[in-house]
Amino acid sequence: MEEAILLHNPRCSKSRETLALLEQRGASVRVVDTLETPPGRALIVRLLDRLGLEPRGLMRTHEAAYLELGLDDPALTRDQLVDALHAHPRLLQRPILVANGKAAIGRPPEAVLAIL
């Protein structure tokens with residue numbers, strides 16, 4: 001059975017709310033601070049597949065860095081966008097719970113409960 005992992009940013013209120021919700025429910029999850037330990041390319045690709053998203057769907061497109069890095073350029077490939085998510089973890093939507101062969105973005109926090 002796959003270990004449940006919460007990709008977490010402690011500075012994000014939704015991420016903190018999701019972690020608190022999981023703790024209240026007694027869920028056993030490994031918490032990974034995405035700013036300290038950015039997800040690798042393979043994990044990002046796996047998240048995209050499990051969420052049924054393309055890279056921009058996993059990006060925080062309203063962040064200043066998104067425009068500063070030119071990530072709104074439609075000519076960028078999927079690989080280039082995955083590289084950007086890996087290199088700039090602040091752009092990654094959060095929190096993301098990975099459990100039971102699935103993934104869910106905790107917006108709202110209760111959305112992660114569906115995969116437990």
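In case you missed it, the structure is sitting above this.
Notes on the structure follow. (Residues numbered from 1 in each chain as written. Predicted model: local features only at pLDDT ≥ 70, side-chain atom pairs only at ≥ 80, totals over all residues. Heavy atoms only, no water.)

Some words on the overall build of the protein
The number of helices and strands found in the protein is four helices and four strands. From first element to last, N terminus to C terminus, the protein shows the α and β order β-α-β-α-α-α-β-β. Its C-alpha atoms give the protein a radius of gyration of 14 Å, near enough to 13 Å, the size a compact globule of 116 residues would have. Once the C-alpha set of the protein is aligned to its principal axes, its extents read approximately 45 × 30 × 25 Å. Looking at the 116 residues of the protein, the share that counts as buried comes to 41%. Within the protein, counting contacts between residues at least 6 apart in sequence, those at least 24 apart form 66% of the total. With the model as given, the accessible surface of the protein reaches about 6200 Å², and the carbon-plus-sulfur share is 51%. With 15 positive and 15 negative side-chain charges, the protein shows a spacing of 4 Å between the two charge centroids. (Helix = DSSP H or I, 4+ residues; strand = E, 2+ residues; numbered from the N terminus. Rg over C-alpha atoms; globule rule 2.2 N^0.38 Å. Buried < 20%, exposed > 50% of the residue type's maximum accessible area, 1.4 Å probe, protein only. Contact = heavy atoms within 4.5 Å. Areas by Shrake-Rupley, 256 points an atom, 1.4 Å probe, with all protein chains shown as cover. Lys, Arg positive; Asp, Glu negative; His and termini not counted. Charge placed at Lys NZ, Arg CZ, Asp CG, Glu CD.)

What to know about helix α2 (residues 41–51)
For α2, every residue scored as buried is listed here: Leu-43, Ile-44, Leu-47 and Leu-48. With its buried residues spanning 140° around the axis, α2 presents them on a single face. Along α2, exposed side chains directed more than 90 degrees from the buried face belong to Ala-42 and Asp-49. Immediately downstream of α2, the backbone of Gly-52 shows phi near 70°, a positive value. (Arc of directions from axis to C-beta.)

Concerning the packing of α2 against helix α4 (residues 78–87)
Each pair of packed helices gets described by two things: the angle between the helix axes and the distance between those axes. Running from amino to carboxyl end, α2 crosses α4 at an angle of 115°, the nearest separation of the two axes being 9 Å. α2 and α4 meet at a crossing whose hand is right-handed. Two secondary-structure elements touch here, α2 through Arg-41, Ile-44, Val-45, Leu-48 and Asp-49 and α4 through Arg-78, Asp-79, Val-82, Asp-83, Leu-85 and His-86. A breakdown of the residues in the contact of α2 with α4 according to their chemical character gives five nonpolar, one polar and five charged. (Axes fitted to C-alpha atoms, helices over the stretch in contact; angles between N-to-C directions. Left-handed = near helix turned anticlockwise from the far one by under 90°. Nonpolar A, V, L, I, M, F, W, Y, C, P; charged D, E, K, R; others polar.)

Everything listed here is a matter of coordinates, which is why it stays silent on function.
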